[in-house]
Amino acid sequence: MITIDISKAKNIWKDKIRDARKSVLEKLDVDFIKAQETSSDTTSIVADKQTLRDLPSQVDTATTTDEIKAVWDNMLGDK
C-alpha cells in the first residue's frame, strides 16, 4: 500500500507554486511600474499579485492530495 505524507506533499506543492509564480510576479512588478508611470489604474495588478502571494497559505488548509493539487491559478500556467 502506498501512503502519502500530506505534510511533505504540501511542502512540495508550495515550492512548485513559488517557483511558478516567481516570473509571473516579476512581470506584474514591471506592469505595475509602467502603470504608475502613466497614471493608469493598478487595482487589478495589485489583486493579481495578492492572489499569487496567498496561494501557498491555501495549501495549508488542504487535507487530501486532490485538495492540494486544486490550489493553483491560471496565471501560473500549466500544473
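Going by the structure above, here's the rest.
Figured I'd write up the structure that's included with this text. Quick caveat, the model's predicted, so the values are computed rather than measured.

### Quick notes on the packing of aromatic side chains
- Using the criterion set out here, one finds 1 aromatic pair in the structure.
- Its guanidinium or amino end placed over the ring of Phe32, Lys49 lies 5.3 Å from that ring's centre, counting from NZ or CZ.

### Here's the deal with the nonpolar core
- With 17 residues, the main nonpolar core has Trp13, Ile17, Leu52 and Leu76 as its most contacted residues.
- Listed by contribution, the elements that provide at least two residues to this core are helix 1 (6-37) and helix 2 (43-60).
- Of all the elements, helix 1 adds the most residues to this core, at 8 residues.
- Apart from the residues lying within four places of it in its own chain, the contact partners of Leu76 are Ile17, Ala20, Arg21, Val24, Leu52 and Leu55.

### Remarks on the side chain of Lys10
- Take Lys10: it is sitting in helix 1.
- For the buried residue Lys10, which engages in no salt bridge, the nearest side chain bearing the opposite charge is Asp60, 5.5 Å off.
- If we skip the residues at most four places from it in the chain, Lys10 touches Val59, Asp60, Ala62 and Ile68.

### A closer look at the environment of Ala35
- With respect to the element layout, Ala35 can be found in helix 1.
- Put simply, Ala35 and Ile2 are 33 residues apart on the chain and 50 Å apart in space, counted from C-alpha to C-alpha.
- Those residues in contact with Ala35 that lie beyond four places of it in its chain are Ser40, Asp41, Thr42 and Ile45.

### Points about unusual backbone geometry
- For Ser39, which is not a glycine, the phi torsion comes out positive at approximately 55°.
- Among the structural elements, Ser39 can be located in the loop between helix 1 and helix 2.
- Ser39 gets classed as exposed once you look at its relative accessible area, which sits at 68%.

Analysis parameters
In this convention, every chain numbers its residues from 1, walking through the sequence in written order. Given that the model is predicted, a residue must reach a pLDDT of at least 70 before its local features are reported, and side-chain atom pairs must reach 80 or more before they are shown or counted; all residues, however, enter totals for whole chains, interfaces and linings. Working from all heavy atoms in the structure, the side-chain values ignore hydrogens and water. Pairing of aromatic side chains here covers Phe, Tyr and the six-membered ring of Trp, requires ring centres within 6.5 Å, and sorts the geometry by plane angle: under 30 degrees stacked, over 60 edge-to-face, intermediate tilted. By definition, being over a ring means that NZ of Lys or CZ of Arg is both within 6 Å of the ring centre and within 35 degrees of the ring normal. Definition of nonpolar core: a set of buried residues of the types Ala, Val, Leu, Ile, Met, Phe, Trp, Tyr and Cys, connected through side-chain atoms within 4.5 Å. Only protein chains enter the accessibility calculation, which uses a 1.4 Å probe; a residue is then buried when its area is under 20% of its type maximum, exposed when over 50%, and partly exposed in between. Secondary structure elements are defined from DSSP: runs of H or I of at least 4 residues count as helices, runs of E of at least 2 residues count as strands, and each element is numbered from the N terminus. Should any heavy atoms of two residues lie within 4.5 Å, those residues are counted as being in contact. Positive charge is attributed to Lys and Arg, negative charge to Asp and Glu, and no charge count is given to His or to the chain ends. Whenever a carboxyl oxygen of Asp or Glu lies within 4 Å of a side-chain nitrogen of Lys or Arg, that contact is scored as a salt bridge.

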